[in-house]
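In case you want the letters, here they are:
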Amino acid sequence: MPSSYSDVQKAASREKFGIWFAWLCGGIIMLIIANATKDIHIVSAITQTLLVILGILSTIAAVTMTSRLNRKAAAARKDVLDDL
């Protein structure tokens, strides 16, 4: 028996919260690392470059995962509405 739309929506909301919470924690950790290496010039430049690249990649991953969850919830909603 398929899950109800409400169950899928709640699960998707929890997953989205987890995704964005992890993204925020990662961003804070990156800022701490950048601040810790700011006095070592070459390390600071390399670190900041890597952190910008990783920040962009993690943002793309979070948006992609959120979009997939939204599509899954929409498909579940469609299934529930078709059954009614």
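Refer to the structure printed above.
Fair warning: this is a prediction, and the values are worked out from it, not measured in the lab. (Residues numbered from 1 in each chain as written. Predicted model: local features only at pLDDT ≥ 70, side-chain atom pairs only at ≥ 80, totals over all residues. Heavy atoms only, no water.)

Asks: Would you explain the packing of aromatic side chains in this entry?
Replies: What characterises a pair of aromatic rings is the spacing of the ring centres plus the angle enclosed by the ring planes. Scanning the entire structure with this criterion turns up 2 aromatic pairs. Between F17 and F21 the ring centres are 5.9 Å apart and the planes differ by 15 degrees, which places this aromatic pair in the stacked class. Here F17 and its partner F21 are both found in helix α1 (residues 5-36), 4 residues apart, which amounts to about one turn of the helix. What makes F21 partly exposed here is its relative accessible area of 47%. Arranged with centres 5.4 Å apart and planes meeting at 75 degrees, the rings of W20 and W23 form a pair that is edge-to-face. Linking W20 with W23, this pair stays in helix α1, spanning 3 residues, or about one helical turn. A relative accessible area of 30% means that W20 is categorised as partly exposed. (Phe/Tyr/Trp six-rings, centres within 6.5 Å; stacked < 30°, edge-to-face > 60°. Helix = DSSP H or I, 4+ residues; strand = E, 2+ residues; numbered from the N terminus. Buried < 20%, exposed > 50% of the residue type's maximum accessible area, 1.4 Å probe, protein only.)

Asks: Mind showing me how you'd approach α1 here?
Replies: Residues three or four positions apart in an α-helix share a direction because the helix packs 3.6 residues into each turn. In this model α1 runs 46 Å from its N-terminal to its C-terminal C-alpha over 32 residues, within 8% of the 46 Å that 1.5 Å per residue would give. Every buried residue of α1 is accounted for by V8, A12, K16, I19, M30 and A34. (Expected span 1.5 Å × (residues − 1).)

Asks: Explanation requested: the side chain of T37 in the structure shown.
Replies: Note on placement: T37 falls in the loop between α1 and α2 (41-83). Setting aside residues up to four positions removed in sequence, T37 forms contacts with V43, S44 and T47. (Contact = heavy atoms within 4.5 Å.)

Asks: Is there a simple way to explain the environment of F17 in this structure?
Replies: Overall, F17 belongs to the exposed group, its relative accessible area being 58%. Residues F17 and T66, 49 residues apart in the sequence, show an inter-C-alpha distance of 9.4 Å.

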